[in-house]
Amino acid sequence: MDKFIIPGGVRLKGEVSISGAKNAALPILAGCLLTEEPCSLRAVPDLADIRAMLEIMGELGVDTSRDDDGVLKIHVTDESHSHARYDLVRKMRASICVLGPLLAKRGYARVSMPGGCAIGARPVDLHLRGLRALGAKIELDGGDIIATRDRLQGTEIFLGGPFGSTVLGTANVMSAATLAEGTTMIESAACEPEIEDLADLLNAMGAKIRGAGTPRVTIEGVEQLSGAEHTVIPDRIEAGTFILAAAVTNGDVTLHNCRLDHLHAVVDKLRDVGVAVEKHNGTAVVASARRLCPTDVTTQPYPGFPTDLQAQLMTLLCLADGNSAITEKIFPDRFMHVAELLRMGANIRKEGPTAIVTGVRELIGAPVMASDLRASAALVVAGLVARGETEVRRVYHIDRGYEHIEKKLNQLGANIQRVAE
Ligand code: EPU
């Protein structure tokens, strides 16, 4: 297990390039199960979660390889194994997104039910409801979901749940419906850019999907899909994390390959705080004021403020001049970073799904523990601005979702060392 040693007090300065989006690439990889023809994917980041997905795909009869240009080739060569085992699924919850494609293409899928994780219970009832509505028979056996069908039938499906829609549930149902007989209409579909990106790949494969990126997605089923080429969208959460790291260190950073149009809520909120994020010749330039103003924020489904940047924003607000309220509406228990930030001298009080953050003059370096991907990112950002040295333990969490994060931050003037624990 590795840890990061982070000397604090740096001011990030320079240029950084954003990688392809993990959360777009994962359902896109699963979507390639819908065809026996080869697919070529550009900008798939090299991350632990992607490697875990490729391992699962390998067990499902898929050949995968990266060429010298980093293009990932995906080719289904054997459709006889349709079991995503617990040993692999428990490593990464997003493996649930093979369920819809396997069911639609092979008529049978056995996928271990993903467990909860540090950010909450994370049920998959909406995924199953959507697939049942398409005519799948779904049973549970030994902790596995077993889904079977003859041919899926298009229908109208409502995917809203107690916390809004579901991103991977929408990906699963939309992917499965591409091969259904007739037309499917998903109401209350997730509107995240990652869903639109998946639809772009599936349409390039010959699917007929309209409205992806809006709450109503219509899918006209086709007999079969073919191979395709696709470039994954830039990672809006990685970009947001770098923007917040630049802001908290009072830095001056230019981001390449950054889609600011996917970050409206974040840019808007940062403007309230005193951080300017401007578009400049296809790049995003971040500059922040010396004094940061407090603000109130509620996480919401896209296009609202993303839950995946809540922890990193909290680090920034720890240093604002006054009281901020952060309410988590997607994963109400996603506050594992609070206790660690308190160890660094933050002043945060939890009240149900809300954290009241009272700004302090400085954070102080300390040994802290990463608990999940985004919480770890928040602690790294805190380490950069803290007085003294911060040790972030268990950085395997951060390696799941950030490509070479310490190298990218070091390129901007940080001096993070990765050390084996
Ligand atoms: N929910 C249900 N039933 C379901 C599915 C979800 O009640 O069947 C609830 C969840 O418990 C949660 C809400 O609906 O309260 C939204 O969950 P969603 O299904 O949208 O989450 P997800 O698709 O499993 C993706 C991202 C997460 C991100 C969330 C929300 C991937 C691989 N994961 O998860 O990313 O936080 O959407 O935007 O795309 C991360 O990258 O760190 C991460 C956790």
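As shown above, the structure is provided for reference.
The text that follows walks through the structure, step by step, so that each part is easy to find. (Residues numbered from 1 in each chain as written. Predicted model: local features only at pLDDT ≥ 70, side-chain atom pairs only at ≥ 80, totals over all residues. Heavy atoms only, no water.)

**So, the overall build of the protein chain**
Stated formally: Starting at the N terminus, helices and strands are each numbered in turn, a helix being any DSSP run of H or I of at least four residues and a strand any DSSP run of E of at least two. Values of the radius of gyration come from C-alpha atoms, whereas the globule rule sets the reference at 2.2 Å times the count of residues to the power 0.38. Relative accessibility thresholds used throughout: buried, under 20% of the residue-type maximum; exposed, over 50%; partly exposed, between the two (1.4 Å probe, protein chains only). Any two residues whose heavy atoms approach within 4.5 Å are treated as being in contact. Using the Shrake-Rupley algorithm and a 1.4 Å probe, accessible areas are obtained, with residue cover drawn only from the displayed protein chains. By the counting rule applied here, Lys and Arg register as positive and Asp and Glu as negative, while His and the ends of each chain are not counted. A charged residue contributes its charge at one atom only: NZ of Lys, CZ of Arg, CG of Asp or CD of Glu.
When helices and strands are counted, the protein chain shows 14 helices and 24 strands. Since a compact globule built from 421 residues should have a radius of gyration of about 22 Å, the 21 Å found for the protein chain is in line with a globular shape. The C-alpha extent of the protein chain, read off along each of the three principal axes, is 65 × 45 × 45 Å. Counting the 421 residues in the protein chain, one finds 58% classified as buried. Sequence separation of at least 24 residues holds for 73% of the intrachain contacts in the protein chain that already meet a minimum separation of 6. Accessible surface, the protein chain as shown: approximately 16400 Å² in total, 47% of it carbon and sulfur. Taking the 45 positively charged and 53 negatively charged side chains of the protein chain as two groups, their mean positions are separated by 4 Å.

**Some remarks on the side chain of Ser371**
Relative to the assigned elements, Ser371 resides in the loop between strand S22 (367–369) and helix H12 (373–385). Contacts of Ser371, omitting those with residues within four sequence positions, involve Ala118, Met336, Ser376 and His397.

**Some points on empty space enclosed by the protein**
The following threshold applies: With a 1 Å grid laid over protein atoms only, a set of points is called a cavity when a 1.4 Å probe fits there but cannot get out and a pocket when it is open yet has protein on both sides within 12 Å along at least five of seven lines; lining residues have an atom within 4 Å of a point. Grid points are joined across faces, edges and corners, and a volume is the space filled by probe spheres set on the points. In this classification, Asp, Glu, Lys and Arg are treated as charged, Ala, Val, Leu, Ile, Met, Phe, Trp, Tyr, Cys and Pro as nonpolar, and every other residue, Gly included, as polar. What marks off one domain from the next here is an automatic or database domain assignment.
A full pass over the atoms with the stated rule returns 3 cavities of 30 Å³ or more. Broken down by element, the lining of the largest cavity gets its largest block of residues, 4 residues, from H12. In this structure, the second largest cavity spans a volume of roughly 40 Å³. When residues of the lining of the second largest cavity are traced back to their parent elements, those giving at least two are helix H1 (22–31) and helix H8 (236–248). Tallied by class, residues from the lining of the second largest cavity come to 2 nonpolar, 1 polar and 5 charged. Composition of the lining of the second largest cavity by domain shows at least three residues from each of domain 1 (2–19 + 234–420) and domain 2 (22–231).

**A few points about unusual backbone geometry**
Excluding glycine, a negative phi dihedral is what most residues carry, and trans is how most peptide bonds are arranged. Following Tyr302, the chain continues to Pro303 via a peptide bond in cis, the omega torsion being 10 degrees. Mapped onto the fold, Pro303 is located in the loop between strand S18 (296–298) and helix H10 (310–317). One non-glycine residue, Ser188, lies in the positive phi region at around 65 degrees. Its identity as a non-glycine residue notwithstanding, Arg394 has a phi of 60 degrees, on the positive side. On the basis of relative accessible area, Arg394 is assigned to the partly exposed category, the value being 34%.

**Details of the site of the ligand**
The following threshold applies: Whether a residue is near a molecule or strand depends on its heavy atoms: it is near if one of them lies within 4 Å of it. Between N or O atoms, a polar contact is any pair within 3.5 Å; within protein, one atom must be a potential hydrogen donor and the other a potential acceptor, and residues adjacent in sequence are included only when both atoms are from side chains.
In the region of the ligand, 24 residues are neighbours, and Asp125, Leu126, Thr166, Asp308 and Ile330 sit closest. Within the backbone of Pro123, a nitrogen or oxygen atom sits 3.3 Å from an oxygen atom of the ligand. Between the ligand and the protein, one listed contact pairs an oxygen atom with a backbone N or O atom of Val167 at 2.8 Å. For the ligand, whose accessible area on its own is 830 Å², the fraction buried by protein is 92%.

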